[in-house]
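Descriptive analysis of the structure
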Amino acid sequence: MQPYFYSVSEFIAMGKHGVFVWSCWAITVGVVLAFILYSRRQRQALIKQLTIQQARQAQRTANTSSPTTK
């Protein structure tokens with residue numbers, strides 16, 4: 001079995017297509033990382049919003065369930 005690339009520099013050059021191949025890889029990895037970071041921030045914001053909403057509901061429940069005396 002013959003190796004397709006005999007050195008690391010040939011592998012990086014990819015037969016003069018290296019610029020295209022590696023830029024595609026870099027763009028793909030960048031987009032995936034950006035999506036992961038965006039998703040994490042959205043998740044944190046959602047958890048914060050839900051915590052605030054839950055606290056408001058608990059406060060409303062506490063205010064409406066307390067007996068009022070006349």
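Scroll up to find the structure.
Keep in mind it's a predicted model, so treat the numbers as computed, not measured. (Residues numbered from 1 in each chain as written. Predicted model: local features only at pLDDT ≥ 70, side-chain atom pairs only at ≥ 80, totals over all residues. Heavy atoms only, no water.)

Comments concerning the overall build of the protein chain
- Along the backbone of the protein chain there are 2 helices and 0 strands.
- On C-alpha atoms alone, the protein chain measures out to a radius of gyration of 28 Å, which is more than a quarter above the 11 Å that the 2.2 N^0.38 rule sets for 70 residues.
- Here the C-alpha coordinates of the protein chain stretch approximately 95 × 25 × 10 Å along the principal axes.
- When the accessible surface of the protein chain is totalled, it reaches about 7000 Å², and 64% of it is carbon and sulfur. (Helix = DSSP H or I, 4+ residues; strand = E, 2+ residues; numbered from the N terminus. Rg over C-alpha atoms; globule rule 2.2 N^0.38 Å. Areas by Shrake-Rupley, 256 points an atom, 1.4 Å probe, with all protein chains shown as cover.)

Digging into the packing of aromatic side chains
- With the rule as written, the count across this model stands at 3 aromatic pairs.
- With a centroid separation of 5.6 Å and 70 degrees between ring planes, the pair formed by Phe11 and Trp22 is classed as edge-to-face. Separated by 11 residues along the polypeptide, Phe11 in helix α1 (residues 8–13) and Trp22 in helix α2 (residues 18–65) bring together distant segments of the chain.
- Cluster of aromatic residues (ring-pair linked, three or more members): Tyr4, Phe5, Phe11 and Trp22. (Phe/Tyr/Trp six-rings, centres within 6.5 Å; stacked < 30°, edge-to-face > 60°.)

Side note on unusual backbone geometry
- Positive phi, close to 50 degrees, is recorded for Met14, a residue that is not glycine.
- Along the chain, Met14 turns up in the loop between α1 and α2.
- For Lys16, which is not glycine, the phi dihedral falls at a positive 70 degrees.
- Mapping Lys16 onto the fold places it in the loop between α1 and α2.
- On the basis of relative accessible area, Lys16 is assigned to the exposed category, the value being 82%. (Buried < 20%, exposed > 50% of the residue type's maximum accessible area, 1.4 Å probe, protein only.)

A short note on a nonpolar patch on the surface
- Together, Val8, Phe11, Ile12, Trp22, Trp25, Val29, Val32, Leu33 and Ile36 make up a nonpolar patch on the protein surface, roughly 860 Å² of accessible area in all.
- Elements with a minimum of two residues in the nonpolar patch: α1 and α2.
- The greatest single-element share of the nonpolar patch, amounting to 6 residues, is contributed by α2. (Patch = residues over 30% accessible without salt bridge, like charges linked within 9 Å, V, L, I, M, F, W, Y side chains within 5 Å. Salt bridge = Lys/Arg side-chain N within 4 Å of Asp/Glu carboxyl O.)

A short note on the environment of Gln42
- Here Gln42 lies in helix α2.
- For Gln42, a relative accessible area of 43% gives the class partly exposed.

A short note on the environment of Ile12
- Checked against the element boundaries, Ile12 lands in helix α1.
- Separated by 10 residues in sequence, Ile12 and Trp22 place their C-alpha atoms 8.1 Å apart.
- Residues within four places of Ile12 in sequence aside, it is in contact with Gly18 and Trp22. (Contact = heavy atoms within 4.5 Å.)

These figures capture arrangement, not role.
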